[in-house]
Amino acid sequence: MKNSIAICPGSFDPVTNGHLDIITRAANMFDKVIVVVAYNANKKHCFTPDERVEMIKKCIPDLLNVEVVHFDGLLASYAADCGATAIIKGLRAMSDFEYEFQMALTNKKLNPNVETLFLTTDAQNMYLSSSMVRQIASMNGDISSFVPEAIRQDIIDRINSKK
Ligand code: PNS
């Protein structure tokens, strides 16, 4: 795909090794990938959008075709504005499917020029979620297998500051 642009949206609250695996694989498939830190109306976010953007940037200094932005509007509009032809999402298990399917169909309705592509998660990240990372960190557990070293302390400090 020449000059292809994909967006990789999510809450990333915080980004995990599972997200980073999907972002890295997307970066190998598209000329440019824009990671979009977006607002999920069904979630109460822990980290601010700027903190989430900064943490993702810290984890991917070598992915030169990846940009990280914060966007608070409709994802379908963002995709149209930046010329993206694909929305990349990771699928962990069947439990993700219904929610992701609904979002993919809605985004297609809002922007028929964008396709949602699902990448199956790596087996070792099947169980991994941002909420699990937050919960483990808040109970002083070891999160080093779930997030890169570059942001481990940022997560711990932020979560401790909220206690
Ligand atoms: O990581 P998440 O929380 O599962 O990601 C969901 C997210 C943020 C991608 C989704 O809620 C979203 O697209 N939000 C932006 C607003 C929007 O476009 N809503 C309609 C989606 S069908």
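The rules behind these values
Residues numbered from 1 in each chain as written. Predicted model: local features only at pLDDT ≥ 70, side-chain atom pairs only at ≥ 80, totals over all residues. Heavy atoms only, no water. Helix = DSSP H or I, 4+ residues; strand = E, 2+ residues; numbered from the N terminus. Buried < 20%, exposed > 50% of the residue type's maximum accessible area, 1.4 Å probe, protein only. Pairing = 2+ DSSP bridges. Axes fitted to C-alpha atoms, helices over the stretch in contact; angles between N-to-C directions. Salt bridge = Lys/Arg side-chain N within 4 Å of Asp/Glu carboxyl O.

**Some remarks on unusual backbone geometry**
Thinking step 1. Look at the link from Asp13 to Pro14: it is a cis peptide, with omega at 5 degrees.
Thinking step 2. Tracing the backbone through its elements, the reader meets Pro14 in the loop between strand 1 (5–10) and helix 1 (17–29).
Thinking step 3. Phi at Phe12 takes a positive value of approximately 50 degrees, unusual for a residue other than glycine.
Thinking step 4. Locating Phe12 in the fold gives a position in the loop between strand 1 and helix 1.
Thinking step 5. Judged by relative accessible area, Phe12 falls into the buried class, the value being 4%.
Thinking step 6. Positive phi values are uncommon outside glycine, yet Asn140 reaches one of about 60 degrees.
Thinking step 7. Here Asn140 shows up in the loop between helix 5 (130–138) and helix 6 (149–161).
Thinking step 8. By relative accessible area, Asn140 is classed as exposed at 62%.

**A few points about the sheet that holds strand 3 (residues 66–71)**
Thinking step 1. If you trace the 5 strands from one edge of the open sheet to the other, you get 3-2-1-4-5, paired in parallel fashion. Across the chains shown, the open sheet's two edge strands, defined by having one partner strand only, are strand 3 and strand 5 (115–120). Pairwise comparison of adjacent strand axes, ignoring direction, gives a mean angle of 30 degrees for this sheet.
Thinking step 2. Across 6 bridges, strand 1 lies against strand 2 (residues 32–38) in parallel orientation.

**As for the pattern of salt bridges**
Thinking step 1. Within the structure shown, the criterion is met by 10 salt bridges.
Thinking step 2. With a closest N to O distance of 2.8 Å, Arg25 and Asp21 form a salt bridge. Separated by 4 residues within a single helix, Arg25 and Asp21 lie in helix 1, roughly one turn from each other.
Thinking step 3. Given a relative accessible area of 27%, Arg25 falls into the partly exposed group.
Thinking step 4. A salt bridge links Glu67 to Lys32, with the shortest nitrogen-to-oxygen separation between them at 3.2 Å. Separated by 35 residues along the polypeptide, Glu67 in strand 3 and Lys32 in strand 2 bring together distant segments of the chain.

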